[in-house]
Every structure is written in C-alpha cells, then in structure tokens.
Amino acid sequence: MATPPRPDENHSPTSVASPKDLTTEGNGRAPVLECTGITKVYGSGAVAVQALAGVTARFLPGEFTAVMGPSGSGKTTFLQVLAGLDSPTSGSVVIRGRDITTMSDRELTDLRRDRVGFVFQSFNLIPTLTAEQNILLPLRLARREPDPGRLDDVVRMLGVQDRLDHRPAQLSGGQQQRVAVARALLTRPDLVFADEPTGSLDLSTGSALLDQLRTACRTLGQTIVMVTHDPHAATYADRVLLLADGRIRQELRAPDRQSVIDAMGDLTPEVPRAL
Amino acid sequence: MLSDAWAQVRSYPSRLVAVLVAVALGVGFLTATSVFTATSAEGLRLTAAAPLTRADIYLEADPSVAGEGRNTSGVPAWLAATARDENVASVDPVYARTIDVFGAAQRGLGNVLSLPGNPAVRWFTLSAGRWPAGPRDVVTDEQTLSALGVSMGSRLQVRTHREERDGERPKDLETVTITGVADLGFQPLTGVDFRFYADQRFFGDDVTTTALATVRDEGRLTGTIDRLNTTLPDGVEAATASSAADAAASRFVGGGNSLMFIMLGFALIAVLSAGIVIANTFTVLLTQRRRQTALLRLMGAHRSQVRTLILLESLIIGAMGSVLGLALGVGLGYLGARWQGLDGGGLVVNPFMLVLCLLAGIACTVAAAWLPARRATEVPPAAAWRTAAVSGQGAPSSRTLPRVALAVLVLGLAVAGVGAPAGNLAMVVFGGFLSAIGLLLVLRRLVTWMLPTLERVLGRMGVSAQVAGANLRRHPERTGSAAVALVIGTSLIVALMVGARSGQASVDADLKNRYPVDVSLRTSDTALSPGTVAGIHGLPDLTVAAVLPEAPARFPASPREWISAVLGAPADVLRAAGAEQLLRPRADASPGLLVSPQYLAAARLKDGSSVTAVVAGQRRSFTVHPSPLPSLAGPGLAVLHADTLAGLGVPTTTRTIWAVAGADADREAWRSAVGRVAALDPSITVSGGLSERGDIANILSILVNLSIAMLLVTVLIAVVGLANILRLSVVERTVEIALLRALGTRRGMIRAMLATEALGIGVIGALLGLVIGIPYGLLGVAAVVGRQATLVVDLPWTGMLGGILLISLCGVLAGILPGWQASRIPPAEGLTAQ
Ligand SMILES: Nc1ncnc2c1ncn2[C@@H]1O[C@H](COP(=O)(O)OP(=O)(O)OP(=O)(O)O)[C@@H](O)[C@H]1O
Ligand SMILES: [Mg+2]
C-alpha cells in the first residue's frame, strides 16, 4: 500500500487513451482539465493511506463526467486534487494549459473564484448570508458587478427566484442545493465540481437538479465533474469514470442505468481485497 | 465586505456580547479617567482661583518692603500708594493665619483668611448668619461646623499655631464667635482640617504680602496696572487678577497628576484584560466557524479577504463597545468628580482625549482579533468539503515562546531580587515589570498544566463534576485564556492587599522603634485634668497608660540642648516601651537616666557615662543612656524610673500621661479618640508615634481601596469573558448535552456540570492570583521600604481568603446563564442533528 505504483501500470484496464492520442479525441478540442499519473498518499509510515494510485484523465469543454466507485475508493480525493484543494503526491493537474500543482495559494484562489464552481452534499452556504448574497459571493470577492440579466436567468432556471432573501436555515435541503448550484454557475466557471450533490435529496428533487446541471453543461458549455453513488444520477452524465482502490477501473460512455449497475457490480469484489 | 462583516455581527449578536461588554468596560474606565481628570482639574482651578475671581488687580509685595512706611493707621506705603491711584476703587490686603482649633468634638489645625472689606470683592455668600462685624467674629463652612461639633453662634477657642518643639512659648488662647455659615459651593484645598474667614481686624498688625484691588473703569485696567508698576515701590508687582487666578490654578492642577497616572495604569490593565477576553472569544468563535471560513476560501476568498472580514467584524463590535464605553465613562467620570466635590466647573470633556479613548478601544479589539484572524486564514479550503468534523487545532503550539517567556521571567526576577535588598526602586520596578510580562506569557501554560490535577480532583466528586473536568481539559487553551484574564485581576488585587498591609506593618514597626510610646499628652498647666486622664485610660486595646510624676532639674549646660525637668516612668511603661536600661539597674552604679541622643552628643557624654544633676534642689549622680523616650513628651526632658524619683522624696507635679497601644489596636480609632480627649483641654500638646503616623496611613488606605475597586473592573471583565466562553461551549456541545439528557441526565446535573466548570476556572484563577500576587506585593513593599526600615511581612489572610471566595463565587455566577441554557437543550436535539 505504501509504495505508489508507477503511473503507467494502470493504463491498461481503462479505456483512457495514451497521451499521444489526447489531441485527437474529443473532436479536436483541447481539454479544459487533464491530470496525468496523479497519486495521493495520506500520512506516512505505518498509517499511510494511498487514496489515489496513479490516475490519468482528461475533461473536455462542455463534458459532464460522473465519478463512481465504492466508499473509500478515492473519489473525493480525486476531485479535491483536480480542483487544486489538495496537492497530489506525484503527477500533474493542468487546467486550461496551466499546471496548477505549482501554483501559489493566491493564484489557486483566483482560479477557484473565477473558473471553478463547487456543489456538495451539504453545508454549501454561509449561514449568515441570504440566498442572494450567497449566490453573489464569488463575484463580490472578485469585486465584480453581477450581470443582472445573468443572475435572473440562473435563479429562474433553478427556480429559487422567490427565495433570494431567505437565509439557508429558512430553506429546504433541495432549495439550498439549488442555491449552491446557482452560485456555482453564475460566474460561468469553466469547471464545476459536485460531490454527491443529490445525496440528501429525494428522487424527483434530485432529478430536477441534475437536469438543471446538464442544461448548464449543454447551453453554457461548462465542464462538470460529479461524484455520485446513485446509478440513476450517473445516467445524466456523458460518461462515467469508475474508481476503485485509487485507480480508474473503467470508463463508460453514454451510460444507462443498467450498464452503470453492471459496471459497479464488477468493481465490488475488489473492495474486500482493497480493505 | 463591510456588509458581510455586519451580517456576521448581526446574525449571532449574543455571541459577541462578551466582546462588547469587555470593550465597553475597558473604554469606559479610560474615558472615566479622562473625564474625571478634566472635570476635577477645572473644579480645582475654580477652587484655587476662587478668592481672585471678584477682583481686578492682584498685588504682591516682597516681604522686605511689605511692612515698610506704615502710616498712622498702620497701612503700609505700598497699599496706601495703590489706593491713591485715580482709577482704583478699593484695595484689600489679604491676610492668612494658621490656628489650632478646639471644638466640642475635635481639635485640629485650621486656617483663617481675611475677607475683603469691600463686600463686592468677596467670592462667596453666606447661607446663614451675618458677615463678621468685629475682630473676634468668624464665618466658616458647613463641613468645619460638623467636624468640630459646633453650630452657628458657638464660641470656639483658637490659638495661633506654632511649630512644636521650637522652645517658643505657646501663644495665648483666644475666643472667637461663629457668626455665619459660608456657602462655598466647592471644597477648598487648604491642606488643613478647618477653614475660617474673618475680618481684617482679626489679624492685628500681621504683615501682608498680597492684596486685591478693584478699579472704577475696567476699560483702563491695563493702563492702571502699568501705572501702578511704575509708581509703586520696588519689590511690589501688580498684575491682572485673572492672570493671577490662572497661575494659582495651574499650581494646583499639577498636584492632581499622580492620581490620574494611577487611574490610567489601572484603566490600561482593564483594557489589557479586555484584550485577552476578546482574543479568547474570537478564537472560540472562529473555531466554530471553521467550516464557514473554509467555504469562503473555497469560493475564492483570499487569505487577506478572510482576515479583513474578521477584522472588520471586530472593528464594528469594537466601535460599538467603545461608543458604549464612552457614554459610560463620561457619566462615571463626572459622577466621580462630583462625589469628590470637584465638579464646581461643571462637566469638562476633552474631545481629543475622547477620540483617543475611542481609538484605543477599537485598536484593542482589532489587535486582540488579529491572531485568531490569522489562524483562521490558515484553514484549508478543503475543510469545507469533508462532512466529518475536522480535527481540533492546527499547528501545535510552539516551544520557543514559553522558553523565551521563562527566560524573561527569570531575568526579571533576578533584577528585582538584586534591586530589592539594595533599596533600588528603579531596578525593582523594571525587574518586576519584566517578570510580569514573562509570567503573562507562560501563565496559560501554567493553567493548562494544572488542568489534569483539577480533572482528577473533580473526578472524585461525582458524575457531573467528572464530565466538567474532562470538558475543561478538552480545550485547554480556552480554559487557560479564561483563567489568565481572571489571574491578572486577582493577582493585582492580592498584591495590593499584601503590599498595603505589609507596608503599613513595616511603617508601624519602624514607628514603634522610633516612638516607643504611642500617645503622649502634656499640659502647659500645672497638672493634667482628671477628665484627660480618664479619657486616656479609656482607650480601647490599651497595653498600659500612666501619669508620669515630674520634678524640675538642672543639668550641666551644653550649647543647644538642655534638660529642665525629669519624668518618672513606672516599670510597666518602661517595659512596654522597651526601655530595658532602667529596668535592670546595676547595684554598683548610680540610678539610670534616659536622655535624648541629641543631648548626649551635645554634652559630650557616652552611653553609661555618669552625670551629676540637681533635681528639685537635691544633687544626684545618674548613669545616662540615650533613648528616643525623653523627647517624646516635649523638649528639655529626661526620664528615670518612677521608683528612683519617688526615692528622692521631692515634691512632684503630674503634667504628662503616656499610653502604649496593644499590638492589635485599631490605630485610626485611637487617633480620633485621642483627638476627642485633647479637644477638651487646649493646654494639652499631643505627641507620640500615633501623631507621627499621620495622614499618610489614611491616604494610603483610601488609595488602596480605590485601586482595588478599580481592579474589580478587570475581574468583572474576566468574569464576563468566562461566562461567554462557557456559553459558546454550550453551543458547541449541543448534541453532546442533548445525548446526555436523552440518556437520562437530569437538568440539575447539566446545570451543576456547567457551574463546576466555571468554579474550576474561578478556583484556578483565584489560587494562581494568590500565589503570584503575594510575592509581587512583598516585592513592591520591599522596594519602597528599602533600607530605611526592615520589611515586616504581614499577610491579610482574612481579606485574601474573602477575595478568593468572592472570585470563585463570581466564577460560579458566570456558569449560571450557560448552565441554564444547557439545561434547556431538548434531548431530541441529539437525535435529529446531523
Ligand atoms: N485527510 C485524510 N487523511 C488520511 N486519510 C484520508 C484523508 N482523506 C481521505 N483519506 C483516505 O483516503 C481514502 C479515500 O478517501 P475519499 O474520501 O477520497 O473516498 P471517497 O471515495 O470519497 O469515499 P466516500 O464515497 O465514502 O465519500 C480513504 O481510505 C480515506 O480514509
Ligand atoms: Mg467522498
């Protein structure tokens, strides 16, 4: 466990292309985000945990990717490393042609503010600010004036226009989630990272939210990376990356419910071995 | 940004109440000091300048010319010349005399000031009675009347004061009549107990050096003064009365500075402990808001933006608290001046100082929030992501700081330790200050270090105490800071109490050495009245009192010193006064005689020499010993054993009575009792250790009490901080407490748990305060007493014990509100929360 495997070891089981085809795949468009051979080891010595064991992946503009895998397989770690919130033990992460693993805290902060949006399972909002203030927060941090038409569009699309003056505590879980999505979309970020955004929502609320995410993807060209445990949620994505033991085991394109469940089933036997 | 900070403040106002209160108290104290100083300075100004307010010209003559050229009616030339000026309407010489006053209840020192003959120039009115009409009429103020126990129309015996022991014959007693009561409207600063105002004729042919004049035409005042300065004899100066008033006022105002510095010192200490409370509150608040801070960072807030947000928040609350404190301070400062009777000039506020106080409050709050804010900026943005609670505090506390602090502490103590025995006040102050800083820096560690012991002790006291102990240990740095704020106030109070008590004891011991007899009354008549003797025998806690027989004596003359009478002291008085030489006479030697060291030196004698004297006509030889006893009763006396005097068989008189107080006697009670006895008989002169103890003890105890009252503000701030920390911890532990309740813990137990936590911190604070305060108090006294006297360690155990109990009780009080809140958390909260 303690020794990180060499990056090329895990290329074979996935359908991710080797570096030389990168430019051709995705209809010739350059990826917004790509990572190469990232590993992540938490702790050291006897308590060292290898959360990522060499992951290489590319994310194209307007692509909606779901990341699935058993609990503890490294999904959250993967997203955090991609977003520059955690530095990989080895490997590189490139956003729009710039390696973020060498960026300063200041540059990373600006990157997050201007190019990245986040949605989590819970605790997305600052409790002391109203819904509108929360949505506008990244813009205000950048000292930019919100485009009123854009704000209107986003809140209308997510159906929270009547709740703008409410504080998070006065909103339902689904409303809070939609406010968080509105915030993540308002600045037209290139990338949106979502970690189990529907995890605490009922089926129909969750579906509506996913619909809205996909619409954003299609119409605004945003790249979305979403961690989910829900096969149904995964079907909204363009592709599914299946993670186990910190490695990408499989990539599903245009997933449907059954293929996702099957692919997950294939992974499961590996979990006991990993533990 | 400002609106976000305001949103924070507005969302949880109650969590910031402690900050608000702490700032308000600190700033209030600072402001009160400033307002009190300014208001009382103006009051003093008016008081000092009062006699000059109604005149136009102030004249001052050099003593060498003041009495020159008196005309037939006794008016000196310079006054007559002034009166002759065409624009001068009136000239009034100003006389003053110091007198001994014998009232019904007290005797004491007073002064008499002359009233201008021109009623328009008098600077006060009468509230009752009439102005003095004859040379023996006086008016006085209400306070003097009540202190002397007399009323309007009473007759008083007065005597022009002379310095004691100068060998001059006492002046004759005079009787004056109180004809009116002055309506002064302020308390004059005269340095004497009693004040009188009399007609110029009261002063007989005293020479005056000052005078007040009025003019007919004020428009020509400067011209008149110029003319006077050229025509008047050399050595006489004329000036406008208003400039003289300013000069008089500024001389007085300078005297009020020391009180201001003391108050300022305590105010700054209050601000310091407010800073500790604020820093602690922000640390806890920001720990609770850790996830929120991480979310801000995740959304793209720079570290500097996070810091700005927090500092803005502290700025808002600091400004609010400071404004509150300003209002509080202005009110209190004015009331303080009023209470002291120094508000004659009305409320005086220095706007510059107010702005300074306001800024100090805001700066203190922002500075206190600085470190917690910096720590908050180190929260990683990823902390917003993980749902799991992020583990405790970030970086482990550094090891260098306590080492440096310890070094500073040891260095400071060493400097002070070297300075104290040498009586070097500067070294002790510097060393004490240095070590206090070091101590302040390691104090939190010290508290943290005591927590396991506390937990063990509490663990044996039942379940709720056990949980409380564990809770105190859970956040040792919080517990530490809360206790530190308390320790500052407590240790200073203890140090002051110890210092005052030991200082007084040292001074008393020193006085006892130099003045072995506490009270000596000596009459200039032939014998003491029975009333006086009975009065002295009736003093409380009396070790011994005795009337001393006396016989006239002739001793070999020496240049300046002489002995004209011998006193016979009984054995018990000699024993109580420590005069061992007369108690163990050697069989082969002549009887012992105590003389003053001055006489011994002047007569070229040595301890144990033999001297021959004529006592009531009988020639005798004595063995002389130097002693402070003889000069106690008056000049020209020697002391022998009463049996020796009786053995001579000569006629004696009884003019002197001595009394020695018991070790525990209340010296203040003695002073007033002796004053009452002596008031009955103007022929008596009072001397002895008690009168030497003087007003210093009185002023010292007032100052110490005032200081302790001021330090209580610091303790109050600490208690508010403690209550708030507990309140915040209840918010944090909601789920846990709900779980305890769900598992069947009763409300009372929850309340007891919080009370125990508060009590734990209170006890730690009080104990550390005691342990730290005692040595500092003693160090302070050692520095002041220095080499002039030996340090007597006298610890005010009852006072300290009371203080410790009080502060522990304050701790429990601080736990009441949080306890009540905790006990109201519904058990279901533990099951529904995420
Ligand atoms: N800060 C950390 N320190 C040590 N180990 C960590 C840390 N964060 C994650 N891990 C470990 O890394 C591995 C991957 O964790 P990660 O949170 O990425 O899993 P996940 O796929 O998101 O799981 P889940 O579906 O339960 O959210 C796990 O074994 C976890 O215990
Ligand atoms: Mg996860």
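One numbering rule holds for all chains: residues counted from 1, following each sequence as written. By the order in which they are written, chains take letters starting at A while ligands take numbers starting at 1. The predicted nature of this model means local features are confined to residues of pLDDT at least 70 and side-chain atom pairs, given and counted, to a pLDDT of 80 or more, with totals for whole chains, interfaces and linings taken over all residues. Excluding hydrogens and water, the side-chain figures rest on all heavy atoms present in the structure.

Please provide a residue-by-residue account of the overall build of chain A, values included.
Only DSSP runs of H or I with at least four residues qualify as helices, and only runs of E with at least two residues qualify as strands; both kinds are numbered from the N terminus onward. Across its full length, chain A holds nine helices and ten strands. Throughout, exposure labels follow a simple rule: accessible area from a 1.4 Å probe, protein chains only, divided by the maximum for the residue type, with under 20% read as buried, over 50% as exposed, and the rest as partly exposed. A total of 275 residues make up chain A; the buried ones form 54% of that total. Sequence separation of at least 24 residues holds for 70% of the intrachain contacts in chain A that already meet a minimum separation of 6. For chain A, the exposed area adds up to about 11,600 Å²; of that, 50% sits on carbon and sulfur atoms. By definition, residues are in contact when any of their heavy atoms lie within 4.5 Å. Computed with a 1.4 Å probe, the accessible areas rest on the Shrake-Rupley method; for each residue, only the protein chains presented here act as cover.

Give a description of the overall build of chain B that names residues and reports values.
Looking only at helices and strands, one finds 26 helices and 20 strands in chain B. Principal-axis analysis of the C-alpha atoms gives chain B an extent of 110 × 85 × 45 Å. Taken across its 834 residues, chain B has 50% of its residues classed as buried. Pairs at least 24 apart in sequence give 82% of the contacts found in chain B among residues at least 6 apart. With the model as given, the accessible surface of chain B reaches about 37,400 Å², and the carbon-plus-sulfur share is 61%. The sign given to each residue is positive for Lys and Arg and negative for Asp and Glu; His and the chain ends receive no count. For the purpose of locating charges, the reference atoms are NZ of Lys, CZ of Arg, CG of Asp and CD of Glu. Put simply, chain B has 68 plus and 58 minus side-chain charges, and the middle of one group is 14 Å from the middle of the other.

Could you give an account of unusual backbone geometry, with specific residues and numbers?
Residue and element names in this part refer to chain B. Even without being a glycine, Arg604 presents a positive backbone phi close to 55°. Relative to the elements of secondary structure, Arg604 occurs in the loop between α18 (597–602) and β16 (610–615). Phi is positive for Ala616, which is not a glycine, with a value near 45°. Note on placement: Ala616 falls in the loop between β16 and β17 (618–626). Look at Ala616 and you get partly exposed, because its relative accessible area is 32%.

Report on the packing of helix α23 (residues 734–742) of chain B against helix α24 (residues 747–785) of chain B, specifying residues and quantitative values.
Residue and element names in this part refer to chain B. Whenever a helix is involved, its axis is fitted only over the stretch in contact; in every case the axis is a line through C-alpha atoms, and angles between N-to-C directions fall within 0 to 180 degrees. Their axes nearest at 10 Å, the elements α23 and α24 cross at an angle of 140°. Classified by the angle between their axes, α23 and α24 sit oblique to one another. Between α23 and α24 lies a crossing of right-handed hand. Of α24, the residues touching α23 (which contributes Ile737, Leu740 and Arg741) are Arg747, Ile750 and Met753. Each residue receives one of three labels: charged for Asp, Glu, Lys and Arg, nonpolar for Ala, Val, Leu, Ile, Met, Phe, Trp, Tyr, Cys and Pro, and polar for the others, Gly being one of them. Of the residues in the contact of α23 with α24, the class split is four nonpolar, no polar and two charged. The labels follow the angle: roughly parallel below 35 degrees, roughly antiparallel above 145, roughly perpendicular from 65 to 115, and oblique for the rest. Take the far helix as the reference: if the near one is turned anticlockwise from it by less than a right angle, the crossing is left-handed, and if turned clockwise, right-handed.

Could you give me a rundown of the environment of B:Pro516, with the residues and numbers involved?
All names here are of chain B. Structurally, Pro516 can be placed in the loop between α15 (476–514) and β12 (519–523). Its relative accessible area of 6% is what places Pro516 among the buried residues. What Pro516 contacts, discounting residues up to four positions off in sequence, is Ala577, Pro628, Leu629, Leu632 and Val660.

Give me the lowdown on the interface of chain B and chain A, citing residues and values where you can.
Every contact between the two is made by 26 residues of chain B and, on the other side, 31 residues of chain A. Summed over both partners, the accessible area lost on bringing two parts together, with a 1.4 Å probe, is the buried area. Summing both partners gives a buried area of about 2,700 Å² for chain B against chain A, and 58% of it is carried by carbon and sulfur. The term salt bridge refers to a pairing of a side-chain nitrogen on Lys or Arg with a carboxyl oxygen on Asp or Glu at a separation within 4 Å. Put simply, chain B and chain A have two salt bridges between them. A:Asp105 is paired through a salt bridge with B:Arg303; the nearest N and O atoms lie 3.1 Å apart. Elements supplying a minimum of two residues to the side of chain B that touches chain A: α1 (2–11), α9 (290–298) and α10 (303–339) of chain B. By residue class, the composition of the side of chain B that touches chain A is eleven nonpolar, nine polar and six charged.

So what about the pattern of salt bridges? Which residues, and what values?
Residues and elements named next belong to chain A. Considering all chains together, one arrives at 33 salt bridges over all chains under this definition. The salt bridge partner of Asp86 is Lys40, with a shortest N-O separation of 3.3 Å. Of this pair, Asp86 sits in the loop between α1 (75–82) and β4 (90–95) while Lys40 sits in strand β1 (residues 33–42), and the two are 46 residues apart along the sequence. On the basis of relative accessible area, Lys40 is assigned to the buried category, the value being 9%. With its nearest N and O atoms 3.3 Å apart, the salt bridge here joins Arg113 to Asp110. With a gap of three residues between them, Arg113 and Asp110 both fall in helix α2 (residues 105–115), about one helical turn apart. Judged by its relative accessible area of 25%, Asp110 is partly exposed.

Go over the packing of aromatic side chains, please, and point to the residues and values.
Residue and element names in this part refer to chain B. Here is the rule: rings of Phe, Tyr and Trp (six-membered ring for Trp) pair when centre to centre is within 6.5 Å. Planes less than 30 degrees apart are stacked, more than 60 are edge-to-face, and the remainder are tilted. Enumeration according to the criterion identifies ten aromatic pairs over all chains in this entry. Centroid distance Phe555 to Tyr599: 6.4 Å. Interplanar angle 85°. Geometry classified as edge-to-face. On the criterion of sequence distance, the pair formed by Phe555 in the loop between β13 (542–554) and β14 (565–569) and Tyr599 in helix α18 is long-range, its members being 44 residues apart. Here Phe555 and Tyr599 have matching classes, each one buried. One aromatic cluster is present, built from ring pairs that chain together Trp123, Phe124, Trp131 and Tyr197. Lysine and arginine charges are scored as sitting over a ring when NZ or CZ, respectively, is within 6 Å of the ring centre and within 35 degrees of the ring normal. Of note, Arg122 hangs over the ring of Trp131, and the distance from its end group to the ring centre comes to 4.6 Å.

Could you give an account of the sheet that holds strand β5 (residues 98–99) of chain A, with specific residues and numbers?
All names here are of chain A. Two strands are counted as paired when DSSP detects at least two bridges linking them. On the basis of which strands lie adjacent, the open sheet formed by four strands has the order β2-β1-β4-β5 and antiparallel pairing. Only two strands of the sheet have a single partner each, and these edge strands are β2 (49–59) and β5. Strand direction decides the pairing type here: β4 and β5, joined by two bridges, are antiparallel. Across the sheet, the residue bridging to Ile95 is Arg98, located in β5.

Any details on the environment of B:Ala104? Residues and values, ideally.
Residue and element names in this part refer to chain B. Note on placement: Ala104 falls in the loop between β3 (96–102) and β4 (107–114). With a relative accessible area of 53%, Ala104 lands in the exposed category. A sequence separation of 22 residues divides Ala104 from Thr82, and the C-alpha atoms of the two residues are 43 Å apart. Look past the residues within four positions of Ala104 in its chain and what remains in contact with it is Leu148, Gly149 and Val150.

I'd like to hear about a nonpolar patch on the surface, residue by residue, with values.
Residues and elements named next belong to chain B. On the surface, a nonpolar cluster with roughly 380 Å² of combined accessible area is contributed by Leu401, Phe433, Ile437 and Leu441. On the secondary structure map, Phe433 appears in helix α13 (residues 425–459). Here Phe433 falls in the exposed class, since its relative accessible area comes to 55%. For patches, a residue must show more than 30% relative accessible area and have no salt bridge; joins then use 9 Å for like charges and 5 Å for nonpolar side chains, namely Val, Leu, Ile, Met, Phe, Trp and Tyr.

An account of the packing of α15(B) against helix α25 (residues 797–823) of chain B is requested, with residue identities and associated values reported.
The axes of two packed helices give the description: the angle between them and the distance between them. Residues and elements named next belong to chain B. Orientation of α15 relative to α25, taken along the N-to-C sense of each, is 165°, at an axis distance of 10 Å. Between α15 and α25, the angle falls in the class roughly antiparallel. As α15 runs across α25, the sense of the crossing is right-handed. Contacts between α15 and α25 involve Leu486, Thr490, Val494, Met497 and Val498 from the first element and Gly799, Met800 and Ile807 from the second.

Give me the lowdown on helix α6 (residues 221–231) of chain B, citing residues and values where you can.
Residues and elements named next belong to chain B. Every buried residue of α6 is listed here: Leu221, Thr224, Ile225 and Leu228. For α6, the arc enclosing every buried residue in end-on projection is 100°, short of the 170-degree limit, so these residues lie on one face. Exposed side chains of α6 directed beyond 90 degrees from the buried face belong to Thr222, Asp226 and Thr230. If you follow the buried residues of α6, they end up packed against β1 (57–61), α4 (77–84), β2 (88–94), β10 (210–215) and β11 (236–240). Summarising the geometry, the arc corresponds to the directions from the helix axis toward the C-beta atoms.

Explain helix α2 (residues 17–49) of chain B to me, using residue names and the numbers behind them.
Expected helix span is taken as 1.5 Å per residue step, with the number of steps being one fewer than the number of residues. Over its 33 residues, α2(B) extends 46 Å from the first C-alpha to the last, a length consistent with the 48 Å expected when each residue adds 1.5 Å. In terms of residue burial, α2(B) counts as a mostly covered element, since 28 of its 33 residues are buried.

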